[in-house]
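# Working through the structure, step by step
Listed here are the chains, written in short residue letters.
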Amino acid sequence: MTPPRRLIVNADDFGRSRSINKAVVRAHREGILTTASLMVNEPGFDEAVALARENPQLGVGLHLTLLCGHAALSPEKIPGLVNERGEFGNGPVGVGFRYFARRDLREQLRTEIHAQFAKFRATGLPFDHVNGHLHLHLHPAVFRILMDDAEQLGIRHLRLTRDCFWMNARLARGRWLYRISHAVILGWLSRRASRPLAARGIRHTQRVFGLLQDSHVDEEFIVKLLTQLPGGDSELYSHPSLDKFQHEFDALVSPRVRELINQFGIQLVRYQDL
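Residues numbered from 1 in each chain as written. Predicted model: local features only at pLDDT ≥ 70, side-chain atom pairs only at ≥ 80, totals over all residues. Heavy atoms only, no water.

### Some details on unusual backbone geometry
The phi angle at Cys 68 is positive, at roughly 50°, despite the residue not being glycine. Position of Cys 68 relative to the elements: it lies in the loop between β3 (59-64) and α3 (92-101). Within the chain, Ser 215 stands out as a residue other than glycine whose phi angle is a positive 65°. What makes Ser 215 buried here is its relative accessible area of 16%. (Helix = DSSP H or I, 4+ residues; strand = E, 2+ residues; numbered from the N terminus. Buried < 20%, exposed > 50% of the residue type's maximum accessible area, 1.4 Å probe, protein only.)

Listed below in structure tokens is the structure:
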């Protein structure tokens with residue numbers, strides 16, 4: 001018997017800007033968005049928290065940020081991670097290699113990770129899930145810290161970022177180098193993470209869609225995805241905004257998309273519902 005199809009529809013980068021915040025709330029109220037991942041050190045943080053409190057059915061998690069963003073701690077406390085303005089590096093490959101190769105940075109990473117979790121807890125919002133900006137939560141050094149401290153940090157649900165390459169190949173065309181490379185890298189990291197998550201009872205969806213689209217989660221893609229969505233628990237993540245990624249917002253509030261959700265009996269859920 002095929003299990004029911006349940007879908008988490010998540011927005012990354014909540015709190016990064018006012019445009020993103022407005023898109024997230026509208027996509028939740030008017031469309032299919034069920035959860036959002038909060039960046040706790042970006043300019044729109046306070047506004048995002050206020051909006052989340054006004055929309056208690058929106059599941060909000062932590063979008064752990066260790067590159068391409070700002071730190072919770074001062075540069076003096078984590079000098080190996082940020083510049084004098086408290087900014088992480090912007091190059092995923094370089095930053096990722098440095099975190100892996102330099103064991104002397106592990107305690108600074110741990111301290112910053114705990115600070116971001118503490119800042120989220122201070123909002124008083126229910127903790128729906130954790131993931132990482134550019135999926136750095138699955139980086140070996142970062143993931144080890146998250147697993148070692150999972151109970152202390154209150155981690156119960158985490159994004160296991162494994163997109164279905166062959167299914168994605170049927171749904172979209174182009175950008176093959178990007179899609180193949182990300183499928184291979186994140187596939188390996190996700191397989192590596194599966195056993196520690198199971199050992200700790202940390203729940204996740206069976207599959208995640210959006211990784212191989214790289215900010216091209218438009219209406220056409222979602223329509224095709226819904227017609228082929230497998231049974232069980234899945235996540236679709238996107239980056240809706242009212243400026244740069246307007247097409248992703250439009251897709252989430254599309255009447256056609258909502259109609260297909262109802263037609264196929266797909267249950268829209270949050271991580272806390274798993």
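On we go.
### A short note on the packing of helix α1 (residues 18-30) against helix α2 (residues 45-54)
One way to put it is that α1 packs onto α2 with a least axis distance of 10 Å and a crossing angle of 10°. In terms of axis orientation, α1 runs roughly parallel to α2. In this structure, α1 meets α2 at a crossing whose hand is right-handed. Within the contact between the two elements, α1 uses Arg 18, Asn 21, Val 25 and Arg 29 and α2 uses Glu 47, Ala 48, Leu 51 and Glu 54. Counted by class, the contact of α1 with α2 contains three nonpolar, one polar and four charged residues. (Axes fitted to C-alpha atoms, helices over the stretch in contact; angles between N-to-C directions. Parallel < 35°, antiparallel > 145°, perpendicular 65-115°, else oblique. Left-handed = near helix turned anticlockwise from the far one by under 90°. Contact = heavy atoms within 4.5 Å. Nonpolar A, V, L, I, M, F, W, Y, C, P; charged D, E, K, R; others polar.)

### Re the pattern of salt bridges
Tallied over the full model, the rule gives 15 salt bridges. The residue Asp 12 makes a salt bridge to Arg 159 at a minimum N-O spacing of 2.9 Å. Residue Asp 12 is located in strand β1 (residues 5-14), and its partner Arg 159 is located in the loop between α6 (150-153) and α7 (165-171); the two are separated by 147 residues in the primary sequence. Across the pair, Arg 159 and Asp 12 agree in class, each one buried. The closest approach of N and O atoms between Arg 102 and Asp 104, which form a salt bridge, is 2.7 Å. (Salt bridge = Lys/Arg side-chain N within 4 Å of Asp/Glu carboxyl O.)

### Some points on the packing of aromatic side chains
The geometry of two aromatic rings is summed up by the distance between their centres and the angle between their planes. The final tally for this structure, using the stated rule, is four aromatic pairs. Ring plane angle 80° and centroid distance 5.8 Å describe the contact between Phe 117 and Phe 127, whose orientation is recorded as edge-to-face. In this pair, Phe 117 is assigned in helix α4 (residues 106-122) and Phe 127 in the loop between α4 and β4 (130-132), connecting sequence segments ten residues apart. With a relative accessible area of 2%, Phe 117 lands in the buried category. Since its relative accessible area comes to 29%, Phe 127 is described here as partly exposed. Members of the aromatic cluster, each reached through a chain of ring pairs, are Phe 117, Phe 120 and Phe 127. A cation over a ring is seen here: Lys 119 above Phe 45, with NZ or CZ 5.0 Å from the ring centre. For the cation-ring pair, Arg 179 lies above Trp 176, with the distance from its terminal atom to the ring centre recorded as 4.2 Å. (Phe/Tyr/Trp six-rings, centres within 6.5 Å; stacked < 30°, edge-to-face > 60°. Lys NZ or Arg CZ within 6 Å of the ring centre and 35° of its normal.)

### Section: the environment of Thr 34
In this fold, Thr 34 is placed in the loop between α1 and β2 (35-38). A relative accessible area of 8% places Thr 34 in the buried class. C-alpha separation for the pair Thr 34 and Leu 268, spaced 234 residues apart in sequence, amounts to 6.8 Å. Excluding its chain neighbours within four sequence positions, the residues that come into contact with Thr 34 are Ile 8, Val 9, His 28, Gln 57, Leu 58, Gly 59, Leu 268, Val 269 and Arg 270.

### Looking at the nonpolar core
Within the largest apolar cluster, 81 residues are counted, with the highest numbers of intra-cluster contacts made by Leu 38, Leu 66, Tyr 99, Ile 113, Leu 146 and Ile 222. Once residues within four sequence positions are removed from consideration, Leu 38 is found in contact with Phe 14, Gly 15, Phe 45, Ala 48, Val 49, Val 60, Gly 61, Leu 62, His 63 and Phe 120. (Core = buried A, V, L, I, M, F, W, Y, C linked by side-chain atoms within 4.5 Å.)

### Description of the environment of Ser 17
Mapped onto the elements, Ser 17 comes out in the loop between β1 and α1. Among the polar contacts listed, one links the side chain of Ser 17 to the backbone nitrogen of Ile 20, at a separation of 3.2 Å. (Polar contact = N/O pair within 3.5 Å; in protein donor to acceptor, adjacent residues only side chain to side chain.)

### Digging into the packing of helix α9 (residues 219-228) against helix α11 (residues 255-263)
At a minimum axis distance of 10 Å, the contact between α9 and α11 shows a crossing angle of 10°. Taken together, the axes of α9 and α11 are roughly parallel relative to one another. On α11, the residues touching Glu 219, Ile 222, Val 223 and Leu 226 of α9 are Arg 256, Val 257, Leu 260 and Ile 261. In terms of residue class, the contact of α9 with α11 is made up of six nonpolar, no polar and two charged.

### Some thoughts on the side chain of His 135
Note that His 135 resides in the loop between β4 and α5 (140-148). Residue His 135 is classed as buried on the basis of its relative accessible area, which comes to 11%. Each residue touching His 135, except ones within four places of it in the same chain, is listed here: Arg 159, Thr 161, Leu 186, Leu 211 and Tyr 237.

By themselves, these are just geometric observations and shouldn't be taken as functional.
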